Amino acid sequence: MSYMAFTGVLGFATPPLKSSRRSKTQKRETSFCCCSTSTSVTEQESATKFTYSRASPSVRWPHLKFNETQQISQKKTQHSEVKDEIGVNSEEGFENVAANDEGDEMFDKRPSRNRVKKMNKLALKRAKDWRNRVQFLTDKILELKSNEFVADVLDEKMVQMTPTDFCFVVKWVGEKSWQRALEVYEWLNLRHWYAPNARMLATILGVLGKANQEALAVEIFGRSEGANGITVQVYNAMMGVYARNGRFSKVQELLDLMRQRGYEPDLVSFNTLINARLRSRPMTPNLGIELLGEVRRSGIRPDIITYNTLISGCSRESNLEEAVKVFQDMEAHNCQPDLWTYNAMISVYGRCGLSGEAERLFKELSRKSFFPDAVTYNSLLYAFAREGNVEKVKEIGDEMVEMGFSKDEMTYNTIIDMYGKQGKHETALQIYRGMKSSGRYPDAVTYTVLIDSLGKSNKMTEAANLMSEMMDAGIKPTLRTYSALICGYAKSGQRVEAEEMYDCMLRSGIKPDNLAYSIMLDVHIRSKNAKKSMMLYQNMVSDGFVPDVALYEALLRVLGGESNEICIQQVVEDLENLHGLSSEIISCVLTKGGCYSFAAEQLRLAVKQNRSLNRENLLSILASYSLSGQHAEAIELLNFIQEHASGSQQLIAEALVVIHCKAQQLDAALDEYHKNNSQCIFKGSVSMFEYLIMSCAENERFAEASQVFSDMKFYGIEPSGDIYQRMSLTYCEMGLPETAHHLFEQAETKGLPLHRSSICTGLVEAYGKLKQLEKAESVVGRLRQTCQILDRKVWHSLLQAYAASGCYEKARAAFNTMMRDGPSPTVDTMNYLLQALIVDGRLNELYVVIQDLQDMGFKISKSSIILMLEAFAQSGNVFELKKIYHGMKAAGYLPTMHLYRVMIGLLSRAKQVRDVEAMVYEMEEAGFTLDLCIYNLLLKMYTKIEDYKKTVEVYQRIQESGLKPDEETYNSLILMYCRDRRPEEALSLMREMRRLGLNPQLDTYKSLIAAFCKKVMIEEAEELFDSLRSEEHKLDRSFYHLMMKMYRSFGDHTKAEKLLITMKESGIEPSVATMHLLMTSYGSSGHPMEAEKVLNSLKSTGTDLSTLSYSSVIDAYLKNGDVDIGIQKLEEMKKEGLDPDYRIWTCFVRAASLCDIREATMLLSAIRDAGFPLPIRLLTENSMSLLTEIDDYLKILEPLEDNAAFNFVNALEDMLWAFERRATATWIFQLAIKRNICHHNVFRVADKDWGADFRKLSAGAALVGLTLWLDLMQDASLEGFPESPKSVVLITGTAEYNKVSLNSTLKAYLWEMGSPFLPCKTRSGVLIAKAHSLRLWLKDSPFCMDLELKDSPILPETNSMQLIEGCYIRRGLVPAFTDIRERLGQVTPRKFARLALLSDEKRDDIIRADIEGRREKLAKLGKVGGTGRIKRNRFSKKRFTRRTVSSEAETGALN
């Protein structure tokens, strides 16, 4: 049994009672009870009291001016009493009126209100000094020690007392000590001169009633019942004793006894009877109106006390409906409500969660000429505290203090309870300490609330400490206090401590109530201690309490586990005798308790008795059988019912379906349903349909649920409210909000009970997913017409819909409505606002909204910060991400694992290596362990920046951590090996990956094929491609294009043709791009005519051709040296109505860069005539306006595909460098960098990094960039800033651009200049120079004296550059280059520089000498090898090794 079943919240400020017969000196008594852990039960001990001095108007309303007369008239006050009982709302005011005040009015013989009785001097003197006499004697009695007796004071006869004086002595002494009051009463009865009177009897009964000494009160009343002079007031007092403990039957018996004795009950009698009925058991519908009718039938008109009593009872049970009915009856009978009536109504609204209505009544007080008192403020404060509105509670508390009311115990108890329920225990304890420091003394309610909240949060050490502190303070724990602590121990699993606390409660003299018994019984049941459970159960029953059905089921489960048939039989008898349950219902309880044999016996007994079986109970019994796996027993029971109960076929069929549903065997249930559906057996079976529909919905079988619901409607079976509710939500889940809306409206029209908020929430969510915001708004609008305050979930669903559509303005309007009308926004509400801005792409407005929310008093939560972080991470804004992250840490929010993943994910994508490494270090320092997701992000990052060494280190860390690599890990590693030109290792890793059952991505296969192509491993690429096709992978067009590019690169057009056929056979139609690749492959292999045939074939098919196809053919002819044909094809294209574009211009400019001046002029003139004069003008003109025109043209090319602008710039740079227009080439190159056409990190000297990266640049662009880079490094070396690193890296790459090797071109250029750059030993395509050597070379080399690039004043007669073996070098260097390569092969850079700068004759002599020296050396080595082995010492070997290493370091092949 869940401990939550024992929790509840009760508390009420009881209004004072006044009668029309009372004098102006009113006696107001107020009691209050705060939040508790249980429902209302009888308290068995006296409460710890404190004074509540607000009965005086001058104190209660300090902001009003009362004159002295008013203060004197209100001087007599009745101190209220705050009870410590949890769950019982004291009605001191009602009992006092019934027991004491009414008696005072009668026995004091006070004059009538309408006439003044003359008094003689003696009477006047006695009227003035009776208080002094009573107070004097009261003080003397209360000063007695425990071993002294009242007789010691009274026998001395210190003052002369009247019988009336003694009544007041008993009453005043009883307020402090009921024992001393009883002693005074007994002393008087033993005096022969004392004549017992009814007033004294009513007084002592009232004292004993307040002290919960019912037994003594019954004894005294019994002794005096037959005496003469007993009055209605005595009966009222005794009724008050019973009413205080909720003994309604006793009160009713006493009322009947009054009538039998000839006493006519008065209004006080009926008020006491009503109070007892409200305390005895929960209210039934229309109970208040029935009780009022009973009063009126007795000829008595209900007064304000009667109505206040009823409304107070409604408040205790949070019964708003009954309270409103009573209030309306009150107004209908012209009984004017007073302040306490409004206080009670404010309380009942607050308890029912309608804080808005409570606040409305509070504001209405001023219009009714009432002034709120402390009870009013406390009731309103409780209303908002109940819903956890901290801000409103603070506001009311501040207003209360401003009005002159200091916070009292009730105020503090309410606030403490609010924070306790929110789990803010430190804040609750802080309020508790503040309460003590402010002079307020915590009472039993305070400690009970704190202990209860700590117990619910499993903070039992703190709860136990509070209990000790409570007892040290002299406050005796109440039954509710013990119950709260026992419940806390039980909830936290500390069953031994719970049992010890229960025993302690018994030793303290407190008898357990139903709650305490139930908690301890549940503890023993959970401990599976059948013996203790049964003993406690028997004690519980003997004390007149009975467990609920759920506890019976748990008890039976324990007893059944030990097969204790005797005890089970006793429990069965109690279920029948105490609860009056039938055999059928007892069978259901036994089944849920696991006592199946007893359950079957009871059910068979019910069948044999010819009782009509209740369908619901039978289905529950059979479902429990099914859940326990006892299907055979369930079937046997069904067969018995079928044999002995006529007309049970439908019931059996339903039962089987329900059995399967309860056993989570939905498929079997559906099979059984469909099997009998054709026979229409299920007609009229609502329960079966409900079980089946609910089961389908729970298993997300929405289509089946819809079908069953349709069958149900077809058979004419009226669905219940639960089915309408479930199906409406089901259709929302299915994305059919219109159908769900229709069902919802049908159910409303039929008046079926629905949880409207949940359905409306589902409707709004479904409409929101479909972007039908207007319909979602209409649902909310209609719900607002019937509900003043919507459920927060409804608002959140609407805000979520707005957020998903990026409608921030609408979301903000809904947020403002929540702020105005309630409920108050939460963290989720604010997150939806932020999400709306994020979806709308308005990230720059997030800070404005955050600031706005903070100005409104909201605190930005960690989830909101994470939401912003994720938004900026998705947008790639590293700067904002870092700023928010550091701000979050400064605010005290610690990062989570998810947050680290988001941060590292963005930083790694942005290649912020240092930040990523710092973040990883921070994670490890914070105690987080890197998971596979983080490692995969690191692998991707290091692969992107080509730091393959660290990539391998990360993989090693994965293996050391014991993590199992996943597909993403392997894909990243394979990509790394492919980029590092190590396809063999990538292939090996892929095979391992597939062996582990992991499937590589298609992009991974593509990368591996591309790596094979770069390494000229055509066979491996073809093998992998064929294996993919044989495994029936869905290869897209890009795979075929990749293979075609490979064949194009190696000029194998035959395989390209075959691949095209294979592509068509695979069902992939070649695109224009495919045919372009085929044509370029023909062009690369020197077959331009074949490329033209492909073009003509495309024309014949009617394909809509673009310049791409023509550019392929024209480029093929130009590369083959057929300049005239290329120009002819350009003219044909124009004749066919196709205008040339950037592709054609790029082809012609690129071809011009490799031709002599005559052919170059022809090509450039041809495109000038075609409408593009810029290239030839760049060669022939020196106007700066050309740069502006180039800039304008680049703007046009930038957004175009295929890197149009970049390719065009590369072609221009080649042409301008070749024809010595190098200053112009420099300007265009810098313009390309400025426009982000060329990347900014071509050279990074200004960023304190002397490295350069010329990959993807053409030869001419790279030479321009190299010269600029050398110039920047020269300036830096001369100025000393920025400082150079130890070594300078130049990345050239290994790829070829239009058959030009950038690596070979730059090496030839640098080594001709005698630079210290050498090839890297570990990575190809990289040149490295020591910084010191580089700086010296830049300062001293004659080649570096003037690095400024200039334009030749006239065009050279020949092209200054020549392409030879992939090397784009200076034409004058070609003979030397050819001579050296042919005669010496590969030489060191230094040697090449020396030989290249010599004259032909000297170079020839040196080469001959070198060749001759090599021959002599070989001959000498051959001769030594023949005669014997030469002995070498270790030093010569070391020198030889060092020389070899040095030689290898300097060696670099000019490819």
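Please read all numbers here as calculations on a predicted model, not as lab measurements. (Residues numbered from 1 in each chain as written. Predicted model: local features only at pLDDT ≥ 70, side-chain atom pairs only at ≥ 80, totals over all residues. Heavy atoms only, no water.)

Asker: Account for the packing of helix α56 (residues 1037–1049) against helix α57 (residues 1053–1065), naming residues and giving values.
Answerer: Running from N to C, α56 and α57 point in directions that differ by 170 degrees, and their axes come no closer than 9 Å. Put simply, α56 runs roughly antiparallel to α57. Contact residues: Arg1037, Tyr1040, His1041, Met1043, Met1044 and Tyr1047 in α56; Lys1055, Ala1056, Leu1059, Leu1060, Thr1062 and Met1063 in α57. Classifying every residue of the contact of α56 with α57 by side-chain character gives 8 nonpolar, 2 polar and 2 charged. (Axes fitted to C-alpha atoms, helices over the stretch in contact; angles between N-to-C directions. Helix = DSSP H or I, 4+ residues; strand = E, 2+ residues; numbered from the N terminus. Parallel < 35°, antiparallel > 145°, perpendicular 65-115°, else oblique. Contact = heavy atoms within 4.5 Å. Nonpolar A, V, L, I, M, F, W, Y, C, P; charged D, E, K, R; others polar.)

Asker: Quick rundown of the nonpolar core? Include the residues and the values.
Answerer: Leu692, Ile1009, Phe1148, Phe1229, Phe1254, Trp1269 and Leu1270 are the most contacted members of the largest nonpolar core, which has 261 residues in total. For Phe1229, the contacting residues outside a window of four places in its chain are Glu1213, Cys1238, Val1242, Phe1243, Leu1257, Ala1261, Val1264, Gly1265 and Leu1268. Grouped together as the second largest cluster of nonpolar side chains are 179 residues, Leu182, Tyr194, Leu380 and Ile486 included. (Core = buried A, V, L, I, M, F, W, Y, C linked by side-chain atoms within 4.5 Å. Buried < 20%, exposed > 50% of the residue type's maximum accessible area, 1.4 Å probe, protein only.)

Asker: I'd love a proper account of the sheet that holds strand β2 (residues 1287–1291), names of residues and values included.
Answerer: Taking strand neighbours across the sheet as the criterion, the 4 strands line up as β1-β2-β6-β5 in an open arrangement whose pairing is mixed. Whereas interior strands pair on both sides, the edge strands pair on one side only; in this sheet they are β1 (1252–1253) and β5 (1318–1319). Of the strand pairs in this sheet, β2 and strand β6 (residues 1326–1330) are connected by 5 bridges, and their pairing is antiparallel. Across the sheet, the residue bridging to Val1289 is Ile1328, located in β6. Across the sheet, helix α68 (residues 1259–1279) lies against β1 and β2, angled at about 165 degrees from β2, the strand it touches most. (Pairing = 2+ DSSP bridges.)

Asker: Give me the lowdown on the pairing of β6, citing residues and values where you can.
Answerer: Direction of pairing for β5 relative to β6: antiparallel, over a ladder of 2 bridges. Note that in β6 the partner of Pro1319 across the bridge is Leu1327. Connecting β5 to the antiparallel partner β6 that follows it, the hairpin turn spans 6 residues, and Gly1325 within it adopts a positive phi of roughly 80 degrees.

Asker: Requested: an account of the packing of aromatic side chains, with residues and values cited.
Answerer: On inspection of all chains with the given rule, the structure shows 24 aromatic pairs. Consider the rings of Phe1025 and Tyr1040, whose centres lie 5.3 Å apart with planes at 85 degrees: the pair is edge-to-face. Of this pair, Phe1025 sits in helix α55 (residues 1018–1030) while Tyr1040 sits in helix α56, and the two are 15 residues apart along the sequence. Tyr1040 carries the same exposure label as Phe1025, and that label is buried. Ring geometry for Tyr1193 against Phe1208: centres 5.3 Å apart, planes inclined by 65 degrees, an arrangement best described as edge-to-face. Here the residue Tyr1193 occupies a position in helix α65 (residues 1185–1197), and Phe1208 occupies one in helix α66 (residues 1204–1218), the gap between them amounting to 15 residues. Judged by its relative accessible area of 14%, Tyr1193 falls in the buried class. (Phe/Tyr/Trp six-rings, centres within 6.5 Å; stacked < 30°, edge-to-face > 60°.)

Asker: Before we move on, can you summarise helix α49 (residues 913–925) with the specific residues and values?
Answerer: Over its 13 residues, α49 runs 18 Å from end to end, which matches the ideal 18 Å to within 8%, given 1.5 Å per residue. Buried within α49 we find Val913, Val916, Met919, Val920 and Met923. Within α49, the buried residues cover an arc of 125 degrees as seen down the axis, which keeps them to one side. In this structure, α49 carries Arg914, Tyr921 and Glu925 as exposed residues pointing more than 90 degrees from its buried face. (Expected span 1.5 Å × (residues − 1). Arc of directions from axis to C-beta.)

Asker: Residues and numbers for the confidence of the model for the protein chain, please.
Answerer: Confidence in the prediction for the protein chain averages 78 pLDDT; 86% of positions are at 70 or higher. Predicted confidence is poor over residues 1–117, with pLDDT under 50, and the contacts of this stretch with residues over four places away or in other chains come to 329 contacts. Taken together, the stretch residues 1427–1455 has pLDDT below 50 and engages in 30 contacts with residues farther than four places along the chain or on a different chain. (pLDDT = per-residue confidence, 0-100.)

Asker: Requested: an account of the pattern of salt bridges, with residues and values cited.
Answerer: In total, this model carries 68 salt bridges according to the counting rule given. Residues participating in the shared-partner salt-bridge network are Asp1379, Arg1383, Arg1403, Asp1404 and Arg1408. (Salt bridge = Lys/Arg side-chain N within 4 Å of Asp/Glu carboxyl O.)

Asker: Residue-level account of a positive patch on the surface, with values.
Answerer: A surface patch of like charges, here positive, comprises Arg909, Lys911, Lys944, Arg979 and Lys1014. Looking at the element boundaries, Arg909 is found in helix α48 (residues 897–909). Assessed through its relative accessible area of 47%, Arg909 is described here as partly exposed. (Patch = residues over 30% accessible without salt bridge, like charges linked within 9 Å, V, L, I, M, F, W, Y side chains within 5 Å. Areas by Shrake-Rupley, 256 points an atom, 1.4 Å probe, with all protein chains shown as cover. Lys, Arg positive; Asp, Glu negative; His and termini not counted. Charge placed at Lys NZ, Arg CZ, Asp CG, Glu CD.)

Asker: Give me the lowdown on unusual backbone geometry, citing residues and values where you can.
Answerer: With omega at -5 degrees, the peptide bond leading from Gly822 into Pro823 counts as cis. Position of Pro823 relative to the elements: it lies in the loop between α43 (808–821) and α44 (827–839). Positive phi outside glycine occurs at Lys528, with the angle close to 60 degrees. Here Lys528 shows up in the loop between α26 (514–526) and α27 (530–542).

Asker: If you had to explain a negative patch on the surface to someone new, which residues and values would you point to?
Answerer: On the surface, Glu148, Asp152, Asp155 and Glu156 cluster together to form a negatively charged patch. With respect to the helices, strands and loops of the structure, Glu156 is situated in the loop between α5 (151–154) and α6 (163–174).

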